[in-house]
Each structure stands twice: as structure tokens, then as C-alpha cells.
Amino acid sequence: MNMLDGLIKAFQLIFSGDPRLIEITLRSLFVSGSAALIAALWGIPIATLIAMNSFRGKFLVKTIFNSLIGIPTVALGFLLFLTFSREKGPLGFLGLLYTPTAIIIGEALLITPIIVSLAITAIEAVDPEIVNLAKTLGASESQASFAVLKEALSGIILAGVASFNRAIGELGIAQFVGGFIAGYTELLTTGIWVELQIGNIETSIALMIILLTLVFAINLALNIIQRRRKWAPLLYSET
Amino acid sequence: MGAIAVLRNVTKDFAKTTVLDNINLQITEGEILALLGPNGSGKTTLLKILAFILKPTKGEIYFDGVKVTDKSVEETRMETTMVFQKTVVFRTSVHNNIAYGLKIRRMPNNKIGEKISEALRLVRLEGFEKRQAKKLSGGEQQRVALARALALNTKLLLLDEPTANLDPKNADIMEEVIAAANRELKTTIVIATHNMFQAKSLPHRIALINDGKISEVGTPTEIFGRLSKTLASFAAVENTFTGTARAIEDGTTQVDIGNGVQLETAAQRDGAVTVLISPSDIILSKNRISSSARNVLSGKIVEILDLDSIVKLKVDAGKPFAVQITKRSFNEMQLSLGNEVFLAFKASSVQIL
């Protein structure tokens, strides 16, 4: 089968609303979305603490998070495989190997440095006088910190989207700790690989098109929203 | 009238530098007190301490008769607010900027709207509610900052050089609003300034501050009336010079301010004097122009400070002169550092303190 044939068949699959494609896509969105959410839940408080306090070793901590952005997914995936391995892994007793939960945990770990580093940059870019402004208008310490986070909001959202993109596009972790269990752990990235191995090239191509479309669409939407900047006043009125 | 705030032996150190040195000061209810001093004298630090956003290293503060402690500081902070020299606004609408402090005070929403329109009317920005604060001009942003502070109706309002970076039009509006807030809303105001003209007209009392110490406190007449030693040492204050005055035949006075610079003034005085010239009274030109101005000096541009719609230049004409021109003139004249320029100002613009 040549490439053009494959493309045509892939589009036929997509437009026919193939239930397997839909299921894999939704699972991918769920897994990467959960990973991004978890990473944000612990990453943003960490970033806030690092960005808004001065302490000995701050530069070192920031450098470590920055360096961890580049960690190869194969290495992290393999380490997690050893950790979750049911027979010998220290966390093997949890029975998480080859489950979507394991992939979510792995991807959350993978993207935490991205969220933390980008959020630190966004928070540090906020005018330091914002804290004093909030305080002189009556804010408590925590309300003042929250005011800074709001100023950094667009940067923090950007950090979240970048993390999501990294999660939805990675293969190594999904392969090592998720395996290829059809209908259970198969994702867009692992699906592309597996379907190719068993000769379903049109399914592979279809999954690839969906993956690229998703990533482009999310980034495009983000750019448009950022240009309009409509959310900032909306969020503020919720104080 | 009672004291709204009292500082007792307040000292503030940053690392090993003492920024405020044993300050004792009382702020009386209902007054406008000006902190007059050159840049770096400790004015901003003192205001931040009064705003309770900076903790003194040593000393005590009493607010409304009660000693302020670590426990009561957040509560006391609600009774005072500060407008910063460098305007800071939240990245949101004018409405939400002003609403911020009101929401913290748990004011009901329908009242907040009223308060905001009232505050915007005071600073003459009616109908600006929905505009994005960051998109306004520098002068308008500073007026929003003032409205945001006034809306809170605090017992004490602290203003840090509120007009220093503004063009004359916005500066005038700010000064009028500040005076009106004190007169009509009875707000007690402390205003930091290095602008002698502001200090002469606006406040009831002046505290002279230099090198982190308060040297004198008095009414403007007292402070400007007697030739204060500290005031004379304020060479750092823009266009303030000390010299010797000598009456000349036609009823004017010539003041020798040193380095071969002679100024002519319309006032009549003899002996040691301090004179000042407002930076906006000086006309700057690239060539010598013939005019009715009695004072014409030539000098070199040694510093350019680009502010929002105005540009402040320092010209070395034997003595350093601060000159303020509009951004438009600055661009049209294509001025740059080192340019030879002429300064012209009327004899009546040279004021004797």
C-alpha cells in the first residue's frame, strides 16, 4: 500500500467515526489531561514557593527543574517500569504496571519540571510591587500571593498547555508502564506504533492525523485566546 | 485634633545600611504632611513603614492611639493605603482595579459600583470602568491608582511622589484631587516629594528628611521663611541653589550661585539666599534665541530621563539644571547626550525661598 492509499483510508476511518479511534483518542485526552492536572496541582504551589521566596540554593533548585525538562522519556519510563514491576519493584504491590493510572503518574512526573520552570518564569516576571500593592489595598499575605498568581495567569496557562502537549505526544512512558493492552491502555502514541507492527498502517496514519490535529488545535486556540485576553477581567471579577 | 499615627525611635536597616535613623514623627488627624527630601533620603521607606508593608528594624508605631503589633498589623493595614511613585496596576479593567480593596473589605456588589464611579469622578476619569488599566496613559494610570486608594476611605493616605513622573496636566489634576480629598473627605495625607513647589502650596506641615533623618518639622512658612540649613543642603533637590544676592539698579536682584553662574530675579533681597526655578519654567533651545527672558545660560545635556509623556533633562551650565520638556519637543529637537543647548527663563521664575 502506498502512502496516498494509506492517507485516503485513514481519512475514511476518521470520518466514518470508527469507535476504536474515538475510544483511543478519548483515553489519550483523559490520560494526558489528568497528568497535566495533577502536575499543575503540585507544580504551581512548588513554583509559587520557589518564585516568591528568596533562600539559599534557589538558583540550584531552579537549575535542577530546568535540566529535568529534558529527561528522556525512555529513561523515565524504564525507571518507572522497574519501580512498578509487579515482582521485584518497590511499588510493585500496588499492581499499577500496565494500567492507565501508571501512565498518568509517569506523565505527571515527566511534565512537572515543565510546569514548575515555566510557572516560575511567569511568576518572576510579575512586577514585584504587586505584592505591596495588594497588601496596601488590604490583602493578607496569602491574598497578596494569590494576586501575583493572577497577574501571572496567562504564563501559567501556557505552562499547563505546554505540559499537556508534552504528555499527549510522549511514547516512552506509555510503552514501558502502559504496554499495549487494546481497549485498556492503548493511546494515540502507542497505537501508532502497535498498529504499524501488526500491519494496520491506515489506522496508524489515522491516529497520527488525530494526534497532530489535537496538538495544533489546542495551540491555535490558546494563541487566539491569549490575543484577546478576555479571561483576565472575567477571572478577576470572581475575587 | 489627635494624632493618627506616631512613630517613636523608628529605625530601618537594609543589610548593613541604615535607611531610616531614629525617626520620631507625629501625623495629626486631618492634615497634609509633606516629607520633603532628595532622592534616596528615605521617604519611600518611611511611607512603606506607615503603610505597614515594611517592618521597622527598631522602634514603635502607634496608630489611632494603639500600639501596632505583629498580631494587629494586618488589621491596621486596612486603615491606611499607599500610592506608589512608579504606578502599579493589576492587569485587568479599571473597575476591577478599584474593586480589589473594596472586595477585600467585603463591601456588597451594588455598593462597590457606586464607590467606583464616585472615585473615578473625583479623579476626572468618569466612564473609564471597562477600560483595561494597562492600556491607559501613564498619567491616567496614576489617577486610577489614586482613585483606587481614595475609594477605600482609609484614615491615612500615603502618596509617594505622586506627580513625579507626570506631565503638567495630569500633575495638576492629581494635586487638585489630593487637596480636595483632604478638604472634603477629611483624609489625613502624607505626601513624599522632592518638588519644592508642591511642598510650598499643598501641605499644612513639612518634615525635612535627609540621609534617613528628620531634621526639621514646621509649617511651609516656617520652613521656607527662615533659611533652613537643611534646606540649603538640599542641593540634590532639583534646581535649588544657594548664593549671594545683590540688588542692581533697575530694581532687580542678581544672585551669584557659584561656578560663574549669575541669575537674575525679580525679588529684592540682599545677602545669602536660596533660590529655585521650576524645571517646567525653563525654555530649552538648540540656538541662542532673543527673547524677553532675563536669564540665558548655555550648557551641555548630561542626563536624559524619559518618562511617559515628558522628558527630564539635566543640563550642566556651570551648575546642574533640571529641565522638563514634552516628549514631542524632545523628539522634534532630536536631542541627545552631550548636545550644547541654551536655557532661558524669566527673572520672575527665579524664586527666592
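The residue numbering used here restarts from 1 in each chain and proceeds along that chain's sequence as written. Each chain is given a letter, starting from A, and each ligand a number, starting from 1, according to the order in which they appear as written. It should be noted that, the model being predicted, local features are given only for residues of pLDDT at least 70 and side-chain atom pairs only at 80 or more, the latter also being counted only at that level, while totals for whole chains, interfaces and linings use all residues.

1. Points about the overall build of chain A
Logical step 1: Secondary structure summary: chain A contains 12 helices and 0 strands in total.
Logical step 2: Counting helices and strands in the order they occur from the N terminus, chain A gives α-α-α-α-α-α-α-α-α-α-α-α.
Logical step 3: For the C-alpha atoms alone, the extent of chain A along its principal axes is close to 70 × 45 × 25 Å.
Logical step 4: Out of the 239 residues in chain A, the part that is buried amounts to 41%. Secondary structure elements follow DSSP: runs of H or I of four or more residues count as helices, runs of E of two or more count as strands, with numbering from the N terminus. Once C-beta atoms are placed from the backbone, each residue is buried if 20 or more other C-beta atoms lie within 10 Å of its own, exposed if 12 or fewer, and partly exposed for counts between those two.

2. Structural notes on the sheet that holds strand S15 (residues 283-285) of chain B
Residue and element names in this part refer to chain B.
Logical step 1: Strands qualify as paired when DSSP identifies two bridges or more between them. Taken together, 5 strands build an open sheet; the order of strands is S15-S19-S16-S17-S18 and the sheet is antiparallel. Edge positions in the open sheet fall to S15 and strand S18 (320-326), since each of these has one partner strand only. Sheet twist, expressed as the average angle between the axes of neighbouring strands with direction ignored, equals 45 degrees. Each axis is a line fitted through C-alpha atoms, and for a helix only the stretch in contact is used; angles between axes span 0 to 180 degrees, taken between their N-to-C directions.

3. Some thoughts on helix H5 (residues 100-124) of chain A
All names here are of chain A.
Logical step 1: Taking 1.5 Å of rise per residue, 25 residues should cover 36 Å, and H5 covers 35 Å from first to last C-alpha, within 8% of that figure.
Logical step 2: To get the bend at a residue, fit one axis to the 7 residues ending there and another to the 7 starting there, then take the angle between the axes. The sharpest bend along H5 reaches about 35 degrees and sits at Ile111, with the proline Pro113 one to four residues further on.
Logical step 3: Of all 25 residues in H5, 21 are buried; the element is thus mostly enclosed. To estimate the expected span of a helix, count its residues, drop one, and scale the result by 1.5 Å.

4. As for unusual backbone geometry
Residues and elements named next belong to chain B.
Logical step 1: One non-glycine residue with positive phi stands out, namely Glu161, at about 40 degrees.
Logical step 2: On the secondary structure map, Glu161 appears in the loop between strand S7 (156-160) and helix H6 (168-184).
Logical step 3: A tally of 22 C-beta atoms within 10 Å means that Glu161 is categorised as buried.
Logical step 4: The residue Lys186 is not glycine, and still its phi comes out positive at about 60 degrees.
Logical step 5: Among the secondary structure elements, Lys186 is positioned in the loop between H6 and strand S8 (188-193).
Logical step 6: The exposure class of Lys186 is exposed, given the 11 C-beta atoms found within 10 Å.

5. Let's talk about the interface of chain A and chain B
Logical step 1: Any residue pair is listed as a contact if its two C-beta atoms, each placed from the backbone, are within 7 Å. At the junction of the two partners, chain A supplies 18 residues and chain B supplies 21 residues.
Logical step 2: Taken together, the residues of the side of chain A that touches chain B break down into 7 nonpolar, 7 polar and 4 charged. Each residue receives one of three labels: charged for Asp, Glu, Lys and Arg, nonpolar for Ala, Val, Leu, Ile, Met, Phe, Trp, Tyr, Cys and Pro, and polar for the others, Gly being one of them.

6. Observations regarding the domain arrangement of chain B
Residue and element names in this part refer to chain B.
Logical step 1: Where a domain begins and ends is set by an automatic assignment or by a domain database. Partitioning chain B into structural domains gives domain 1 (3-225) and domain 2 (238-353).
Logical step 2: For domain 1 and domain 2, the distance between their C-alpha centres works out to 31 Å.
Logical step 3: With 10 residues of domain 1 in contact, the opposing surface of domain 2 contributes 11 residues.
Logical step 4: Where the side of domain 1 that touches domain 2 is concerned, the elements lending two or more residues are helix H5 (138-150) and helix H7 (196-201).
Logical step 5: Each residue belonging to the side of domain 1 that touches domain 2 can be placed in one class, and the counts come to 4 nonpolar, 5 polar and 1 charged.

7. A closer look at the sheet that holds strand S6 (residues 80-83) of chain B
Residues and elements named next belong to chain B.
Logical step 1: The 6 strands lie next to each other as S6-S7-S8-S3-S9-S10, forming an open sheet whose pairing is mixed. The open sheet has two edge strands with one neighbour each: S6 and strand S10 (213-218). Averaged over neighbouring strand pairs, the angle between their axes works out to 20 degrees when direction is ignored.

8. Re helix H1 (residues 43-50) of chain B
Residue and element names in this part refer to chain B.
Logical step 1: Across the 8 residues of H1, 7 count as buried, placing the element largely inside the fold.
Logical step 2: Within H1 the residues assigned to the buried category are Lys43, Thr44, Leu46, Leu47, Lys48, Ile49 and Leu50.
Logical step 3: Within two residues after H1, Phe52 carries a phi angle of roughly 60 degrees, on the positive side.

9. Thoughts on the packing of helix H2 (residues 19-52) of chain A against H5(A)
All names here are of chain A.
Logical step 1: Close contact between H2 and H5 brings their axes to 6 Å; oriented N to C, the two are set at 40 degrees. Accordingly, the angle class assigned to the pair H2 and H5 is oblique. The chirality of how H2 crosses H5 is right-handed.
Logical step 2: When the residues that make up the contact of H2 with H5 are grouped by side-chain class, the tally is 23 nonpolar, 5 polar and 3 charged. Orientation is classified from the angle alone, with under 35 degrees giving roughly parallel, over 145 giving roughly antiparallel, 65 to 115 giving roughly perpendicular, and any other angle giving oblique. Here a crossing is called left-handed whenever its near helix is offset anticlockwise from the far helix by less than a right angle, and right-handed whenever the offset is clockwise.

10. Re the nonpolar core
Logical step 1: Counting 154 residues, the largest nonpolar core has Ile115(A), Ala119(A) and Ala147(B) as its most contacted members.
Logical step 2: Here this core gets 15 residues from one element, more than from any other, and that element is H5(A).
Logical step 3: A domain-level breakdown of this core finds at least three residues from each of domain 1 (3-225) and domain 2 (238-353) of chain B.
Logical step 4: Leave out the neighbours within four places in its chain, and Ile115(A) touches Ala39(A), Ala40(A), Gly43(A), Ile44(A), Ala159(A), Gly160(A) and Ser163(A). One nonpolar core equals one set of buried Ala, Val, Leu, Ile, Met, Phe, Trp, Tyr and Cys residues connected by C-beta atoms within 7 Å.

11. Considering the pairing of strand S13 (residues 262-265) of chain B
Residues and elements named next belong to chain B.
Logical step 1: Alternating positions in S13 separate cleanly, Leu263 and Thr265 being buried on one face and Gln262 and Glu264 remaining unburied on the opposite face.
Logical step 2: By the bridge criterion, 4 bridges tie strand S12 (residues 253-256) to S13 in an arrangement that is antiparallel. Bridge pairing links Thr253 to Thr265 in S13.
Logical step 3: Counting the residues that bridge the hairpin from S12 to S13 gives 5 residues, and of these Gly258 lies at a positive phi of roughly 95 degrees.

12. Focus: the environment of Val6(B)
Residues and elements named next belong to chain B.
Logical step 1: Assignment of secondary structure puts Val6 in strand S1 (residues 3-14).
Logical step 2: Along the chain, Val6 and Leu50 lie 44 residues apart, while their C-alpha atoms are 9.3 Å from each other.
Logical step 3: Look past the residues within four positions of Val6 in its chain and what remains in contact with it is Gln26 and Tyr62.

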